[in-house]
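One letter stands for each residue in the lines below.
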Amino acid sequence: MTGLNTILIVVGLFLAGGVYSFAKQKMPASLIVLLSIGAVMCLVSGVMRIQGIWT
């Protein structure tokens, strides 16, 4: 299942880049918050799967 871990981390980093871009463009705060929550969820679940905490 290492492929899923990689996909989760890559998607999380992609969303984190989107948060940075949206913040620079002064997009609505609710959109930035929603995107950052998605990024954090992807990154945390990918790292937890790598560590074997969550399978």
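An account of the accompanying structure is given in this report. (Residues numbered from 1 in each chain as written. Predicted model: local features only at pLDDT ≥ 70, side-chain atom pairs only at ≥ 80, totals over all residues. Heavy atoms only, no water.)

What follows covers the overall build of the protein chain. Secondary structure assignment for the protein chain yields two helices and zero strands. A principal-axis box enclosing the C-alpha atoms of the protein chain has dimensions of 40 × 15 × 10 Å. Buried positions account for 24% of the 55 residues belonging to the protein chain. In the structure as shown, the protein chain presents an accessible area of about 4,000 Å², 77% of it carried by carbon and sulfur atoms. (Helix = DSSP H or I, 4+ residues; strand = E, 2+ residues; numbered from the N terminus. Buried < 20%, exposed > 50% of the residue type's maximum accessible area, 1.4 Å probe, protein only. Areas by Shrake-Rupley, 256 points an atom, 1.4 Å probe, with all protein chains shown as cover.)

The phi angle at K26 is positive, at roughly 60°, despite the residue not being glycine. If you trace the backbone, K26 turns up in the loop between helix 1 (2-24) and helix 2 (29-51). Of the residues examined, K26 reaches a relative accessible area of 73% and is grouped as exposed.

This brings us to a nonpolar patch on the surface. Taken together, the side chains of V40, V44, M48 and I53 define a hydrophobic patch exposed on the protein surface, amounting to about 350 Å² of accessible area. Within the secondary structure, M48 sits in helix 2. (Patch = residues over 30% accessible without salt bridge, like charges linked within 9 Å, V, L, I, M, F, W, Y side chains within 5 Å. Salt bridge = Lys/Arg side-chain N within 4 Å of Asp/Glu carboxyl O.)

Right, let's get into the nonpolar core. Within the largest apolar cluster, six residues are counted, these being L15, V19, I32, L35, A39 and C42. For this core, the elements supplying multiple residues, two or more each, are helix 1 and helix 2. With four residues, helix 2 is the single largest residue contributor to this core. Ignoring any residue separated from it by four or fewer positions in sequence, one finds V19 in contact with I32, L35 and S36. (Core = buried A, V, L, I, M, F, W, Y, C linked by side-chain atoms within 4.5 Å. Contact = heavy atoms within 4.5 Å.)

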